[in-house]
Structures are given as C-alpha cells and as structure tokens.
Amino acid sequence: MSEQQGGVTTNGPGALFAIGGAEDKLKKRLVLQEFVEAAGGSKARIVVVPTASALGTDVIDVYSALFAALGAASVVGVRPENREDADDPAFFEPLNDATGIFMTGGNQLKLSGVVTGTAFGQAVTDAHARGAAVGGTSAGASILAEHMIAFGRSGATPRQRMSQLAGGLGLVQGAIVDQHFAQRNRYGRLLSLVAQSPGLLGIGVDEDTAAVVRGSHLEVVGRGAVTIFDGSRITSNAHYASRSEAILASGVVLHVLPATSTFDLKARVLLSYGAQPPAEEIASIEAAEADLRKLAKEIAAEGVSPAYYAERKRRAGRRTAKATDAAPAAAKKAAKKVAPKTVRSSAASQSRPEATEPLSAGAELSRPDTDPATGPLPDSGNA
C-alpha cells in the first residue's frame, strides 16, 4: 500500500542503484537522471555521502550541482569520517527526511569500516525500507550488497586469494557487486569469489551503467552492461587450490545484460530485454487492434444487408446443381457425334493399309501391270 513520506508517495522499499563508476556528468547524464526520478524528481531531497572519497568538499559540490540541475528539490552533504561520527545524531539525522541517499566512489574499505554496523548505516537501511532511493557509484555501489569487495587484483583468470571481502549494508541480498567491471578487467576476481561462495550471485557493473534493483528484479540502465555469474551448479577446486593458483570454475552460468534488460535475482533468470512498453500500453494497443478489425469488417459490408449475402449463396447453390444435372446429358450427346466417324474410319482401314504401317526389309511396293486408261505399262528397266 502506498504512503506519503515527506510529500513523496512510496510503495514499500525504494530502488537501489549500483552504478559502475565514471557515470556521465556532462552530457545525457542518464544514470543520474534515473536516480533523481527514483528519489522523487522535483520533490527529491538527496543526501550525498562522500565518506569514501579523498576529494574533500569538492565532491559534494559536484554532485550537489548535478542533482540540482536534474531537478532535485534539495541536496545536502553528510560526511562521517569515522565510526564515532557515524553514531553521532548530527550525521545520521539528515537521512531521516531523505528521499534519496547517494554514496560516492573512493576507498570502499574505508566506507565499509565507517558505515556498517553504526547508527548511520542503520539510518540508510531504514530510509530504504520506507521508500527512499539508495545508490552509489564505484565504492558506493559495492557497499549495497551484504558482502562487498574490499580490494583485489584485475585479470581475466580467477585465482586463489585474488580479492578480499568486507561487510556491506546488505540491501542487495545473496550477491556480490563489483564495479568498473569491463574497463578494469575484473572478471577473474568476481568469478573467484563466486567459486568460493557459489550461493552468491556475482554482479559486475560497467562504467556509466547502473544495476537498478527493485525487489528481486534487476534492470540495466546506461550505456554499458551488467555481467552476472551464477555459480549454483559450479564445479570448482577453490577449497584446495593453493595461493595464487588458477581456480577451476566449470558450469558457471553467464549473463551479459545490456541496457533495458531485466533479470530476476531470486529465480536467476532473464525476464526481458529490449524496449518494453508498460502493461497498460500493451492492453490499450490490443484493444485498439480489436476495434480496428471490427471497423474494417463494418466498412467492407457498408450498405449491404445480410439478406444480400444469403441470396448470393442460394444462387450459387442453384448454379452448381444445374451444372451437375446437365453433365450426363452432355456426355451422351458427345458420344453420339463421335460414333459414326469411328465406324467410317474402321471401314477405310480395311480397304487400304495404314500409312504408318512398316515395310519388311527388301520389300518393294507393288503396282498394277496395266493402267486402266492407257493399257500395259512400260518396263521400269530394273533387272
């Protein structure tokens, strides 16, 4: 059931935005625009959390200007630097009225060490539960999961001890989120973690791309892709592979999801891909098509009564019956015309040989010795 939260209507938990880093801040800004819309659009009250960043107040100024330009009603920055700050009401109380919480990139191990298990971390969780959109880029994306990658090496081949896990906020259950995925070649480290913990989905997010999670559904937004490793049926040697040794990972199901793709994180199946109109629009299109078919029939029959079609059918039936009855008489008449010619032809064949009758070898054509008009014929001169 929907409810009002500071002027914004919500329906249960808010959307989660795991952004792969380096999101577009200058041109279309599609990913950030989607976040602002999820946070309430023109009514959005966004809190920027730059704890992971080393850029000081500059990063707050950048995102404050961006979210304001995209239509947010207000943007404030809150930066706890240690766990003591994170338990101070002055830091976490601004989250109580937020409709959007955005965590910046930087050192994800620092972010985890400051936020998780504190009053600040609980305030983020509570905000999400009441309907606020919670997201982050790079380090801010990783912390959304229950288990986050603290650090690790790049590479395509999964190897033992390739990465290290730390605790996350647990807003995305049953998964590990990695970022800058394709750009920094992080296939190996994410796959190594899936091999070690097959019950967890590995979610790798490209730059300028967001994995937007609503309930158990994940939707891809942006110009890159989201890569998912499902190790439910994996065969692996991760339990005994030695340090830095390549890890066996056989039977892993791979999903590479471009923008507009939707995926069920619980059932672990692709739901759709490509532009999908809303269900209401699909129903409206189907109803319009049915009306159009009916209208086409009415136009074709315009000005013609049903009795006309019935009469045409009766006439066609009478013509068919008449043609059927006339067929035997016509056959008899044709047979009578052919019979005399056949008799005459037979008589003629008895008086002279057929023109096509073959001659036997060495035979000569016979001829009469006398001509009825002139008398005896002269000798041909042949011996």
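Residues numbered from 1 in each chain as written. Predicted model: local features only at pLDDT ≥ 70, side-chain atom pairs only at ≥ 80, totals over all residues. Heavy atoms only, no water.

With respect to the overall build of the protein
Working step 1: When you go through the protein residue by residue, the secondary structure sums to 10 helices and 21 strands.
Working step 2: The buried share of the protein, taken over its 383 residues, is 39%.
Working step 3: A total accessible area of about 21700 Å² is found for the protein, and carbon and sulfur atoms account for 55% of it. (Helix = DSSP H or I, 4+ residues; strand = E, 2+ residues; numbered from the N terminus. Buried < 20%, exposed > 50% of the residue type's maximum accessible area, 1.4 Å probe, protein only. Areas by Shrake-Rupley, 256 points an atom, 1.4 Å probe, with all protein chains shown as cover.)

Some points on the side chain of Glu207
Working step 1: Relative to the helices and strands, Glu207 resides in the loop between strand E11 (201-205) and strand E12 (209-214).
Working step 2: Buried charged residue Glu207 carries no salt bridge. Nearest counter-charge: Arg184, at 4.3 Å.
Working step 3: Discounting residues that sit within four places of it in the chain, Glu207 has contacts with Gly20, Gly21, Ala22, His180, Gln183, Arg184 and Gly224. (Lys, Arg positive; Asp, Glu negative; His and termini not counted. Salt bridge = Lys/Arg side-chain N within 4 Å of Asp/Glu carboxyl O. Contact = heavy atoms within 4.5 Å.)

Details of the pattern of salt bridges
Working step 1: Tallied over the entire structure, the rule returns eight salt bridges.
Working step 2: The partner of Glu23 in a salt bridge is Lys25, and the shortest N-O contact between them spans 3.4 Å.
Working step 3: Salt bridges sharing common partners tie together Arg79, Glu81 and Lys110.

What to know about helix H8 (residues 187-196)
Working step 1: Within H8, eight of the 10 residues are buried, which leaves it mostly tucked inside the rest of the structure.
Working step 2: Every buried residue of H8 is listed here: Gly188, Arg189, Leu190, Leu191, Ser192, Leu193, Val194 and Ala195.

Examining the nonpolar core
Working step 1: Ranked by internal contacts, the top residues of the largest apolar core, which has 46 residues, are Ile101, Phe120, Val124, Val134, Ile203 and Leu218.
Working step 2: When residues in this core are grouped by element, the largest group, four residues, is from helix H6 (residues 119-129).
Working step 3: Sequence-distant contacts of Ile203, that is, excluding residues within four places in its chain, are made with Ala175, Ile176, Val177, Asp178, Leu190, Leu218, Val226, Thr227, Ile228 and Leu265. (Core = buried A, V, L, I, M, F, W, Y, C linked by side-chain atoms within 4.5 Å.)

Quick word on a negative patch on the surface
Working step 1: On the surface, Glu84, Asp87, Asp88 and Glu93 cluster together into a patch of negative charge.
Working step 2: Mapped onto the secondary structure, Glu84 falls in helix H3 (residues 83-86). (Patch = residues over 30% accessible without salt bridge, like charges linked within 9 Å, V, L, I, M, F, W, Y side chains within 5 Å. Charge placed at Lys NZ, Arg CZ, Asp CG, Glu CD.)

Structural notes on unusual backbone geometry
Where the residue is not glycine, phi is negative for most of them; where a peptide bond is considered, it is trans in most cases.
Working step 1: Backbone geometry places Ser138, a non-glycine residue, at a positive phi of 60°.
Working step 2: As for its placement among the helices and strands, Ser138 is situated in the loop between strand E7 (133-137) and helix H7 (139-142).
Working step 3: If you check the backbone angles, Arg161 has positive phi at about 60° while not being a glycine.
Working step 4: Along the chain, Arg161 falls in the loop between strand E8 (147-152) and strand E9 (163-167).
Working step 5: A relative accessible area of 56% places Arg161 in the exposed class.

Re the pairing of E7
Looking down a regular strand, the side chains alternate between one sheet face and the other.
Working step 1: With five of five residues buried, E7 is to be regarded as a mostly interior element.
Working step 2: A two-sided burial pattern is seen for E7, the buried positions comprising Ala133, Gly135 and Thr137 on one face and Val134 and Gly136 on the other.
Working step 3: Taken together, the four bridges between strand E3 (residues 16-19) and E7 define a ladder with parallel strand orientation. By the bridge assignment, Phe17 is partnered in E7 with Gly135.
Working step 4: Relative to E7, strand E6 (residues 100-103) is paired through four bridges, and the arrangement is parallel. By the bridge assignment for E7, Ile101 is matched with Val134. (Pairing = 2+ DSSP bridges.)

Some points on the sheet that holds strand E14 (residues 225-230)
Working step 1: Spatially, E10-E11-E14-E17 is the arrangement adopted by the four strands of the open sheet, whose pairing is mixed. Of all strands in the sheet, those bounded by a partner on one side alone are strand E10 (175-179) and strand E17 (253-258). Taking each pair of neighbouring strands and ignoring which way they run, the sheet shows an average axis angle of 15°.
Working step 2: Pairing of E14 with E17, which is carried by six bridges, proceeds in the antiparallel orientation. Residue Thr227 lies in a different strand from E17, and its bridge partner there is Val256. (Axes fitted to C-alpha atoms, helices over the stretch in contact; angles between N-to-C directions.)

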